[in-house]
Amino acid sequence: MTGGPWHSDTAPPVRMTRTPQAWRSLGIALTGVLFVSATLALVLTAGGFDVGTAGAALLRGAAGSPDAVFSATLVRAVPLILAGLAVAIAFQAGILNIGAEGQLLAGAAAATATALALEPSLGRGALVMGLLASGIAGGAWAAVPAWLRRRFGVLEVISTIMMNFIALYAVGFLVRGPLQEASRIYPQSPTIPEAARLPLLLPGTRLHVGFALALVAVAIAWYVLRHTAAGFRVRVVGASPSAAASAGRLNVPAVTMRAFLVSGLLAGVAGGVEVHGVTYALYDNLSPGYGYTAIAVALLGGLQPPYVLASGIFFGALEAGAAAMQRDAGVPLMLVWVIEALIILAIVAGQVVNARRRLMSVEAGA
Amino acid sequence: MNDVVTPFLEATVRTATPLALAALGETLGQKAGVINVGLEGVIIAGSLGAVVAAGAGGVTIGLLGAGLAGLLTALVFGVFVLWLRTDQIITGTALTLGALGLTSTLYHTVYGAGGAALSIPTLRPVALPGLSFIPVVGPALFHQPVVTYLAYLVAGVMWWFFYRTHAGLALRAVGERPEAAQTAGIDPRRIQWLAVMASGVLGGLAGGSLVLAQVGTFTDGMSAGRGFIAIAIVALGRWHPFGVLGAACLFGVASALQFLFQSTGSSLPYQLFLALPYVLTLVMLAGGTRGARAPAALAQRALTLR
């Protein structure tokens, strides 16, 4: 016992019911949707916005045209799916990784630096190396809180948040120092050359191959978690670390550590894909909080990869819609965070209500 | 020598004040078994409350507004965590996200898209007669805005409350063994509600002091992780009011270093100093909390005997 004040099992991860009684769950889900929509309408009205105009802008920006779908919604969904998957894997293993944002930024910085350094000699190979570097950097950024948790019992909620701020300032330093563009005027890196960029998936849109990568990541994560021994170990450890430890044959700290690193790796790749597919450069506000939104993505997706894919697209639509809402109705962009918070709160409350009902029906039956 | 050391110590105590207030509030909640990771959200709500209220009615009203905003944010947390019994950490994370988003949205909605820099009245330092004339440390400790004295007072009162009153004993019992406390005729739910509400007021005041005694205006996300640093300070201060006060000062040093190096024209990149408090938090959590023990029932969801 290393004696840190934070015991890793003080915070049971959120768990989804696997075989819900369909109607009851639907009722709870509808109540949740109502709760989110009503609170949102209230905030908009209080802010003096016309709910109808804002709502129409939201829908138009999210799905109003092929362009909205393929150049806005799905493009924004790519980092959200990857980072959401990162958070889902961590949460499944009982790790509260709130640090996807920092891991994403670390990945973006590493991808930029690698692509810029290697493109002259490697050409297209620099793309692959950049993406690899982003995964390694994301994993490295997660390794610090993972080690602090294992060695000193430091609560990862706090340590990953600290790593987020450190990443933010590190990017700030890089784009004003070693990675600044040649004229040294703007706080951003040089643009990475054509050869090191992700090709477009659909010509005429902004949808890039990163979307296909995200789909592959979802499929692999789903297969590993559901159908392999490694995935089973992660789920067992996440369900109850103490039970997993006393069952023996299971190195709980090692499983936790590995899941944490994989989580960081995925979040890092999200940053790398964003640089190679969308921004083509590193700068301060590269991520509008994708790493935080990823928490909502993972929870709404019930921590299950296929649903994380769907909820990633949903939140991509929300972000795209919010951008349109700001353009056309003047609604501040940060409202998205309020929506995310409401959705998370609705989910945790719904789970509690569901669990209580089930408990009552079990007792009534017995 | 004094013209370097004294301003440095003065900046230390000034930047430590919001951290101390927030961490003392969090200590109260954690002693009752509730960890509020949404403290960051409580602080930013307090900051906006302070700006709005101080703009309307001066600094005193500003502090009241900050406390009230913190209280309301804690009320939301309480409804989910204490009434519905949702997971404390996930709920707190959502609260932080929501409060950061809502304060930014409201601020830009009310004060225009650019968020026009408001000029609001701020708290001036008040010298405590006699004490402020102590060489070197006197001005640093006793020539401060009134919120700093409030932090000293809260720490003292909290120590007395925890270790010298029956109510304080009851609160600590709830944080350690809620079932046992319940058997002894204590209502854990009521105690946790009171602790969360009081800690909300203190968190709000922390946000208020950030605005009224330090920055002088509101900016998006100005709490900048202070809520999370404050949670680390609670562990570092070993859940003891005076320990927490001391730990907060340590973090004040990290921020004050920033001003010191800027004034000496150091060639080191300034992002290094901006990142220092966060790095320090990690180092301190790793090295400084050995042997410390959190309240046993911290973050426990099931509370009462069935």
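The model shown is predicted, which means the values in this text are computed figures rather than measured ones.

**A closer look at the overall build of chain B**
Secondary structure assignment for chain B yields 11 helices and two strands. Reading chain B from its N terminus to its C terminus gives the helix and strand order α-α-α-β-α-β-α-α-α-α-α-α-α. Taken against the 2.2 N^0.38 rule, which gives 19 Å for 306 residues, the C-alpha radius of gyration of chain B at 19 Å falls within 12% of a compact globule. The principal-axis extent of the C-alpha atoms belonging to chain B is close to 65 × 45 × 40 Å. Within chain B, residue pairs in contact and separated by at least 24 positions form 77% of the contacts whose partners lie at least 6 positions apart.

**Brief notes about the overall build of chain A**
A tally of regular secondary structure across chain A gives 13 helices and zero strands. Counting helices and strands in the order they occur from the N terminus, chain A gives α-α-α-α-α-α-α-α-α-α-α-α-α. At 21 Å, chain A has a C-alpha radius of gyration in line with the 21 Å of a compact globule built from 366 residues. Principal axes of the C-alpha set define a box for chain A whose edges measure 75 × 55 × 35 Å. Here the analysis covers contacts within chain A between residues at least 6 apart in sequence; of these, 78% occur between residues at least 24 apart.

**Things to note about the environment of Phe 218 of chain B**
All names here are of chain B. As for its placement among the helices and strands, Phe 218 is situated in the loop between helix H8 (188–215) and helix H9 (226–236). Phe 218 gets classed as buried once you count the C-beta atoms within 10 Å, which come to 26. Note: C-alpha distance between Phe 218 and His 108 (110 residues apart in sequence) is 10 Å. Not counting residues up to four positions away in its chain, the partners in contact with Phe 218 are Ser 47, Leu 48, Val 51, Tyr 107 and Val 211.

**Digging into the nonpolar core**
Core analysis: the largest hydrophobic core is formed by 230 residues, its most contacted members being Leu 82 of chain A together with Ile 233 of chain B. Broken down by element, this core gets its largest block of residues, 22 residues, from helix H2 (residues 39–83) of chain B. Ile 233 of chain B has contacts with Leu 19, Ala 23, Val 244, Ala 247, Ala 248 and Phe 251 of chain B, leaving out every residue within four places of it along the chain.

**Some words on the packing of helix H5 (residues 125–152) of chain A against helix H10 (residues 252–279) of chain A**
Residue and element names in this part refer to chain A. As a packed pair, H5 and H10 sit with axes 6 Å apart at the nearest point and diverge in direction by 145 degrees. Once H5 is placed against H10, the crossing between them reads as right-handed. Looking at the contact of H5 with H10 residue by residue, the class counts come to 15 nonpolar, 11 polar and one charged.

**With respect to the confidence of the model for chain A**
Keep in mind that low pLDDT regions are not for reading the predicted coordinates in detail. Looking at chain A, the pLDDT average stands at 87 and 93% of residues meet or exceed 70. In the predicted structure, residues 1–13 of chain A sits below a pLDDT of 50 and forms 34 contacts with residues beyond four places in sequence or in another chain.

**Quick look at the interface of chain A and chain B**
Taken together, the contacts link 44 residues of chain A with 47 residues of chain B. Those elements that place two or more of their residues in the side of chain A that touches chain B are H5, helix H6 (156–174), helix H11 (290–300) and helix H13 (335–365) of chain A. Among the elements that make up the side of chain A that touches chain B, the one with the highest residue count is H13 of chain A (12 residues). Split by residue class, the side of chain A that touches chain B holds 34 nonpolar, nine polar and one charged.

**Describing H9 of chain B**
Residue and element names in this part refer to chain B. Buried residues dominate H9, accounting for 11 of its 11 residues. Residues Arg 226, Gly 227, Phe 228, Ile 229, Ala 230, Ile 231, Ala 232, Ile 233, Val 234, Ala 235 and Leu 236 constitute the buried set of H9. Positioned one or two residues after H9, Arg 238 has a phi angle of 55 degrees, which is positive.

**Some details on the packing of helix H2 (residues 51–63) of chain A against helix H3 (residues 66–92) of chain A**
Residue and element names in this part refer to chain A. For the pair H2 and H3, interaxial distance at closest approach is 6 Å and the crossing angle is 90 degrees. When the axis of H2 is compared with that of H3, the two are roughly perpendicular. Residues Arg 60, Gly 61, Ala 62 and Ala 63 of H2 form the contact with H3, whose own contacting residues are Ala 68, Val 69, Ala 72 and Thr 73. Of the residues contributing to the contact of H2 with H3, the split by class is five nonpolar, two polar and one charged.

**Thoughts on unusual backbone geometry**
All names here are of chain B. Look at Ala 224: it is not a glycine, yet its phi comes out positive at around 45 degrees. Looking at the secondary structure, you find Ala 224 in the loop between H8 and H9. The class of Ala 224 is partly exposed, set by 18 C-beta atoms lying within 10 Å.

**What to know about the environment of Leu 58 of chain A**
Residue and element names in this part refer to chain A. Among the structural elements, Leu 58 can be located in helix H2. Placed 264 residues apart in sequence, Leu 58 and Ala 322 show a C-alpha to C-alpha distance of 5.7 Å. With residues up to four places along the chain from it excluded, the contact list for Leu 58 reads Gly 321, Ala 322, Ala 324 and Met 325.

Rules behind the numbers
Residues numbered from 1 in each chain as written. Chains lettered and ligands numbered in written order. Predicted model: local features only at pLDDT ≥ 70, side-chain atom pairs only at ≥ 80, totals over all residues. Helix = DSSP H or I, 4+ residues; strand = E, 2+ residues; numbered from the N terminus. Rg over C-alpha atoms; globule rule 2.2 N^0.38 Å. Contact = placed C-beta atoms within 7 Å. Buried ≥ 20, exposed ≤ 12 C-beta atoms within 10 Å, placed from the backbone. Core = buried A, V, L, I, M, F, W, Y, C linked by C-beta atoms within 7 Å. Axes fitted to C-alpha atoms, helices over the stretch in contact; angles between N-to-C directions. Left-handed = near helix turned anticlockwise from the far one by under 90°. Nonpolar A, V, L, I, M, F, W, Y, C, P; charged D, E, K, R; others polar. pLDDT = per-residue confidence, 0-100. Parallel < 35°, antiparallel > 145°, perpendicular 65-115°, else oblique.

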